[in-house]
Amino acid sequence: MRRIATSLAGLAVVAVAVAGFAPGSAAAPAREPVARADSAPAYYTLKLPTGLTMAQLVRDGYDISHGHGTRPIVVATPAEAKSLRDRGVLLAKSGSVYKPLVRGAGTTSTTYYGGYHNVLGHEQHNAAVASAHPDLVKLYDIGDSWKKAKGQGGHDIQALCITKLATGDCALNSTGKKPKFVLHAQIHARELSTGELAYRWIDLLVTSYGKDPAITSLVDSRELWVVPMANPDGVDVVASSPSQPVMQRKNVDSTTGGCPADDAGVDLNRNSGFQWDVHEGGPCEETYPGTKAVSEPETIAIQGLLDKIFRDTKGDVDQPAAVGTTGVFLTLHSFGNDILAPYGYTNTDAPDKAALVALGKKMSGFNGYPVSTGDGGIGYFAPGATDDWLYGTRGVPSYTFEVGPDSGSCGGFFPAYSCMDSTFWPKNKAAFLYAARAAASPYGTLPASNPVS
Ligand SMILES: [Zn+2]
């Protein structure tokens, strides 16, 4: 059976390929670029010569992964690898971008690349969960994607609030009684595992309610907010090639023009209203921060939501959060197996650094990711990031999780879909549950253990 299935799959690939080249074919297949051996990007570890910094390479347009793992990683084509070597950088190939996949496997109208949910998949899921659990879920449209704002199609940015709904719960204000935990995902479109973790988190909460005592207690006593897909326009680009996803990190704001297809857009995780840095990158670079802070509709949507639901408990950048601050915010990224705590724009300690790291270490106890702050020792700062903004302006403990290793079948931006169940979800589920529990008193006495298996 296995042998027959394989050969049939092979025939199907040939048939699709022939159809794709048929002259005058009316129904064009989904864009499926096959990376040629001489142009395929790969991951490399890099060691810099004296006088060259990681920040300089980022400014020069190199795609350096933003985890703080023990070794920085660059995604480079052979031509880019050569130019780096010409500048004295020592490179060693650490892995392939695309994992082995039977062409088209896991691709449906709502999934791609082995099973990851596309925008339609998330939208249908959000609607279905809200409809099936009206006592537990409020679904919000918190703003528009760039394309929608421009009248070019696009999407609403959606947020769910999950709790056992009582009067005043899940309102768009900061007067609710229940502490809030926010899980925010796929602001960087190509970071595939992140939206999928949010999807599973939503399902865990609504399906365990009334069955698992610890999760029931959490859903009774917290507002559990989820933004499963903060950059849907970007995800449309990524998923437009279902077997070999496109490396789109940013939104699709093409106002500045002149960039190659997947290099256009604004880095939404450099566009916040806190420590925004005009020097972060040019328009085609992966960390381009936009023409000004909060220039993008996606940033307006996310900051708008967080601004409404969290009280401002913090003064200036060097002032600590007020005692009694509640809430925890996690923004999911990949990759590097890291927990990053504020600040990410500077190596100057955040005023609450000790408490922020203490909570980070508690979460690390569940997923095993080490905690770091600042540039993580590799010269990679993140001015204008979402988590710095929320902590820096509101005092809410805010973290970046960099999900996944930098090599192997679960490594990089495009891990095999099977990695969701084998490692990413089991590793992070308990960390999310812990963060939600800690939201009641994140700067006070932290919960000692997690009762949820
Ligand atoms: Zn990211």
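Look up a bit, the structure's there.
These numbers come from a predicted model, not from an experiment.

A. Focus on the overall build of the protein. Across its full length, the protein holds 12 helices and 14 strands. Considering the protein as a whole, with its 453 residues, one finds that 55% of them fall into the buried category. For the protein, long-range pairs separated by at least 24 residues make up 74% of all intrachain contacts whose partners lie at least 6 apart in sequence. Accessible surface for the protein amounts to roughly 18000 Å². Of this, 56% is attributable to carbon and sulfur atoms.

B. Main features of the environment of R249. Tracing the sequence through the fold places R249 in the loop between α8 (232-239) and α9 (297-309). Along the primary structure R249 and N231 are separated by 18 residues, whereas in three dimensions their C-alpha atoms are 9.0 Å apart. Side chain to side chain, R249 and D267 meet in a polar contact 2.7 Å long. Among the polar contacts made by the side chain of R249, one reaches the main-chain carbonyl oxygen of E286 at a distance of 2.9 Å.

C. Highlighting the environment of R85. By the element assignment, R85 lies in helix α3 (residues 78-86). Sequence-distant contacts of R85, that is, excluding residues within four places in its chain, are made with Y44 and L91.

D. Looking closely at the state of the cysteines. Within the structure shown, the criterion is met by three disulfides. Across the disulfide, C161 is cross-linked to C170 (sulfur-sulfur distance 1.9 Å). Here the disulfide of C161 and C170 is left-handed, its torsion about the S-S bond being about -65°. Each sulfur in the disulfide pair C410 and C419 lies 2.1 Å from the other. On the sign convention where negative is left-handed, the bridge of C410 and C419, at about -90° about the S-S bond, is left-handed. Taken N- to C-terminal, the disulfide-bonded cysteines of the protein are connected 1-2, 3-4, 5-6.

E. Inspection of the nonpolar core at higher detail. Grouped together as the largest cluster of nonpolar side chains are 94 residues, with contacts concentrated most on F181, W201, L330, M363, Y399, F401 and F432. Each of domain 1 (42-96) and domain 2 (116-438) contributes no fewer than three residues to this core. Once residues lying within four places of it in the same chain are set aside, the contact partners of L330 are F181, V182, L183, H184, M363, Y399, F401, F432 and A435.

F. Structural detail: empty space enclosed by the protein. Taken as a whole and judged by the stated rule, the model has four cavities of 30 Å³ or more. In this model, the largest cavity occupies a volume close to 180 Å³. What lines the largest cavity is a set of 20 residues, and nearest its centre among them are L340, G344, A382, D387 and T400. Secondary structure elements with two or more residues in the lining of the largest cavity: α11 (386-394) and β14 (398-402). Classifying every residue of the lining of the largest cavity gives eight nonpolar, eight polar and four charged. If you add up the space inside the second largest cavity, you get close to 70 Å³. What lines the second largest cavity is simply V119, H122, E123, N126, D156, I157, Q158, P228, M229 and P232. When contributions to the lining of the second largest cavity are tallied by element, the ones reaching two or more residues are α4 (119-132) and β8 (156-162). Broken down by element, the lining of the second largest cavity gets its largest block of residues, four residues, from α4. The residue inventory of the lining of the second largest cavity, partitioned by class, reads five nonpolar, three polar and two charged.

G. How the structure looks around the pattern of salt bridges. Tallied over the full model, the rule gives 12 salt bridges. A salt bridge links R87 to D60; the shortest N-O distance between them is 2.8 Å. Residue R87 is located in the loop between α3 and β4 (90-96), and its partner D60 is located in the loop between α2 (54-59) and β2 (63-64); the two are separated by 27 residues in the primary sequence. Between E196 and R200 there is a salt bridge, with its nearest N and O atoms 3.6 Å apart. Of this pair, E196 and R200 both sit in helix α6 (residues 192-208), separated by four residues, roughly a single helical turn. Given the relative accessible area of 1%, E196 is considered buried. R200 sits in the buried class, given a relative accessible area of 13%.

H. How the structure looks around the side chain of D169. Mapped onto the elements, D169 comes out in the loop between β8 and β9 (180-184). At 2.8 Å, the side chain of D169 forms a polar contact with the backbone nitrogen of A166. Here the side chain of D169 touches K178 through a polar contact of 2.7 Å, side chain to side chain. In this structure D169 touches K138, T163, K164, K178 and E223, once residues within four positions along its chain are discounted.

I. Seen up close, the packing of aromatic side chains. Scanning the entire structure with this criterion turns up 19 aromatic pairs. Between Y369 and F401 the ring centres are 6.4 Å apart and the planes differ by 80°, which places this aromatic pair in the edge-to-face class. Here F401 lies in strand β14 and Y369 lies in the loop between α10 (353-367) and β13 (371-372), a separation of 32 residues in the sequence. Here Y369 matches F401 in class, with each residue buried. Ring-pair connections join several aromatic residues into one group, and the members of that group are Y98, Y112, Y113, Y116, F414 and Y417. Its end group placed over the ring of F413, R190 keeps NZ or CZ at 4.0 Å from the ring centre. The positively charged end of K314 is found above the aromatic ring belonging to Y391, 5.1 Å away from the centroid.

J. The sheet that holds strand β7 (residues 137-144), seen in detail. Taking strand neighbours across the sheet as the criterion, the eight strands line up as β7-β8-β10-β9-β11-β14-β12-β13 in an open arrangement whose pairing is mixed. Edge positions in the sheet fall to β7 and β13, since each has one partner strand and no second. Strand direction decides the pairing type here: β8 and strand β10 (residues 223-227), joined by three bridges, are antiparallel. Each bridged residue has a counterpart across the sheet, and for C161 the counterpart in β10 is W225. Packing against the sheet, α9 makes contact with β7, β8, β9, β10 and β11 (328-333), and its axis sits at approximately 135° to β7. Most of the contacts of α10 go to β14, to which it runs at about 35°, and overall it touches β11, β12 (338-340), β13 and β14.

The rules we used
Residues numbered from 1 in each chain as written. Predicted model: local features only at pLDDT ≥ 70, side-chain atom pairs only at ≥ 80, totals over all residues. Heavy atoms only, no water. Helix = DSSP H or I, 4+ residues; strand = E, 2+ residues; numbered from the N terminus. Buried < 20%, exposed > 50% of the residue type's maximum accessible area, 1.4 Å probe, protein only. Contact = heavy atoms within 4.5 Å. Areas by Shrake-Rupley, 256 points an atom, 1.4 Å probe, with all protein chains shown as cover. Polar contact = N/O pair within 3.5 Å; in protein donor to acceptor, adjacent residues only side chain to side chain. Disulfide = S-S within 2.5 Å. Core = buried A, V, L, I, M, F, W, Y, C linked by side-chain atoms within 4.5 Å. Domains from an automatic or database assignment. 1 Å grid on protein atoms, 1.4 Å probe; cavity = no way out; pocket = protein on both sides within 12 Å on 5 of 7 lines; lining within 4 Å. Points joined across faces, edges and corners; volume = space filled by probe spheres on them. Nonpolar A, V, L, I, M, F, W, Y, C, P; charged D, E, K, R; others polar. Salt bridge = Lys/Arg side-chain N within 4 Å of Asp/Glu carboxyl O. Phe/Tyr/Trp six-rings, centres within 6.5 Å; stacked < 30°, edge-to-face > 60°. Lys NZ or Arg CZ within 6 Å of the ring centre and 35° of its normal. Pairing = 2+ DSSP bridges. Axes fitted to C-alpha atoms, helices over the stretch in contact; angles between N-to-C directions.

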